[in-house]
Amino acid sequence: MISLSDSENGTTSSTTATKRLARAIMVSGGEFSLILACCNSLERQQQVLNVLTEFSSADIHEILLSPATDTLYTAITSAIGTTQPEALMVRGLESVMEINQLIITTNIMRNEFPKQFRFPLVLWVNDEILCKLVWLAPDLKDWAASTIRFDVPQNQFVEAEQQAISA
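Residues numbered from 1 in each chain as written. Predicted model: local features only at pLDDT ≥ 70, side-chain atom pairs only at ≥ 80, totals over all residues. Heavy atoms only, no water.

If you check an unreviewed UniProt entry, the chain appears there as Tetratricopeptide from Nostoc flagelliforme CCNUN1.

As structure tokens, this is what we get:
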């Protein structure tokens, strides 16, 4: 049986997931596709983005949503203007104050995304946002291939707790 507390396994899993994300971006190049990247830690998310540059030669643009964002489509079009990046990462969904309304609106406007965007769109979500997508925007969620997970291995939390206790 494989132990979930094996730190080497966690690192390998993260590297594999990062390579999957880079491959999904490369395969989708020039056409719209929705990619969901799930990570519950903002710090871990940033680490993955830093490593992603090693695995992908694509020019990846990134936008960070503000808490006041009300529609994803408008936020993206405002951020990119008339340019069509090779890929776009959207971060900050967990900070949006009216996230339920944003998800519902995005689901309603989903047909506009492939008409206007000719690049893969990577939405960084956490488990809570992923559940909301399933319940509030099932049609949009179905557009995404399987979700690429970048979870922090449980052993990192245990090791941090043990270090704190022994200090």
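Having seen the model, we can carry on.
## Notes on the overall build of the chain
Short version of the rule: Helical segments are the DSSP runs of H or I of at least four residues, strand segments are the runs of E of at least two, and each set is numbered from the N terminus. Exposure categories follow from relative accessible area, calculated using a 1.4 Å probe and restricted to protein chains: below 20% of the type maximum is buried, above 50% is exposed, and the middle band is partly exposed. Here, residues are in contact when the closest pair of their heavy atoms is within 4.5 Å. Using a 1.4 Å probe, the Shrake-Rupley method yields the accessible areas, and only the shown protein chains count as cover for residues.
Tallying secondary structure elements over the chain gives eight helices and five strands in all. In the chain, buried positions account for 43% of the 167 residues. Across the chain, the fraction of contacts at a sequence separation of at least 24, relative to all contacts at a separation of at least 6, is 87%. Per element, the accessible surface of the chain, about 9,500 Å² overall, is 53% carbon and sulfur.

## Examining helix α3 (residues 72-80)
An α-helix turns once every 3.6 residues. As a result, residues three or four positions apart point the same way. This is how the line gets drawn: Of all possible arcs, the one meant is that of the directions from the helix axis to the C-beta atoms.
The set of residues buried in α3 consists of L72, Y73, A75, I76 and I80. Relative to the axis of α3, the buried residues are bounded by an arc of 165° and lie together on one face. Looking one or two places after α3, you find G81, whose phi comes out positive at around 60°.

## Notes on the packing of aromatic side chains
The description of an aromatic ring pair rests on the distance of the ring centres and on the angle between the ring planes. So the rule is basically this: Think of it this way: a Phe, Tyr or Trp ring, Trp meaning its six-membered ring, pairs with another when their centres are within 6.5 Å, and the plane angle makes it stacked under 30 degrees, edge-to-face over 60, tilted otherwise.
Here the structure, examined in full by the defined rule, presents seven aromatic pairs. For the ring pair Y73 and F113, a centre distance of 5.5 Å and an interplane angle of 70° mean the geometry is edge-to-face. You can see Y73 sitting in helix α3 and its partner F113 sitting in helix α5 (residues 112-116), a full 40 residues away along the chain. Here the two residues Y73 and F113 agree in accessibility, since each one is buried. Aromatic side chains W124 and F150 sit 5.3 Å apart centroid to centroid with 35° between the ring planes, which places their arrangement in the tilted category. Here W124, found in strand β4 (residues 120-125), pairs with F150, found in the loop between β5 (148-149) and α8 (154-166); they are 26 residues apart in sequence, far enough to count as distant. The buried category is assigned to W124, whose relative accessible area is 0%. Aromatic ring contacts, followed pair by pair, group F32, Y73, F113, F117, F119 and W143 into a single cluster.

## Examining the layout of surface pockets
Stated formally: Cavity: a set of points on a 1 Å grid over the protein atoms alone where a 1.4 Å probe fits but cannot get out. Pocket: an open set with protein on both sides within 12 Å along at least five of seven lines, its lining residues, like those of a cavity, having an atom within 4 Å of a point. Grid points are joined across faces, edges and corners, and a volume is the space filled by probe spheres set on the points. Residue polarity follows a fixed list, in which Ala, Val, Leu, Ile, Met, Phe, Trp, Tyr, Cys and Pro are nonpolar, Asp, Glu, Lys and Arg are charged, and the others, Gly among them, are polar.
By volume, the second largest pocket amounts to about 180 Å³. Along the walls of the second largest pocket sit R20, R23, A24, S28, S33, L34, I35, A145, S146 and I148, which together make up its complete lining. Within the residue set of the lining of the second largest pocket, elements represented by two or more residues are α1 (7-28) and β1 (33-38). Residue contributions to the lining of the second largest pocket peak at four residues, all from α1. Residue composition of the lining of the second largest pocket, by class: five nonpolar, three polar and two charged.

## Concerning the pattern of salt bridges
Side chains bearing opposite charge may pair, as long as their charged atoms lie close to each other. Keep this limit in mind: Each salt bridge in this description consists of a side-chain nitrogen of Lys or Arg and a carboxyl oxygen of Asp or Glu lying within 4 Å of one another.
Tallied over the full model, the rule gives four salt bridges. Between E62 and R91 there is a salt bridge, with its nearest N and O atoms 2.7 Å apart. Highlighted residues: E62 in strand β2 (residues 60-64) and R91 in strand β3 (residues 87-91), separated in sequence by 29 residues. For E62, a relative accessible area of 42% translates into the label partly exposed. Here R149 and D127 are joined by a salt bridge, their closest N and O atoms 2.4 Å apart. Within this pair, whereas R149 is found in strand β5, its partner D127 is found in helix α6 (residues 127-136), the two being separated by 22 residues in sequence. Residue classification places D127 among the partly exposed residues on the basis of a relative accessible area of 31%.

## Overview of the nonpolar core
Selection criterion: The term nonpolar core refers to a set of buried residues drawn from Ala, Val, Leu, Ile, Met, Phe, Trp, Tyr and Cys, joined through side-chain atoms within 4.5 Å.
Within the largest apolar cluster, 30 residues are counted, with the highest numbers of intra-cluster contacts made by I76, V90, L121 and L123. Broken down by secondary-structure element, the contributors of at least two residues to this core are β1, α3, β3, α4 (99-108), β4 and α6. If one sorts the elements of this core by residue count, α3 sits on top with five residues. In terms of nonpolar packing, the next biggest core, distinct from the first, is built from 16 residues, L21, L49, V122 and W124 among them.

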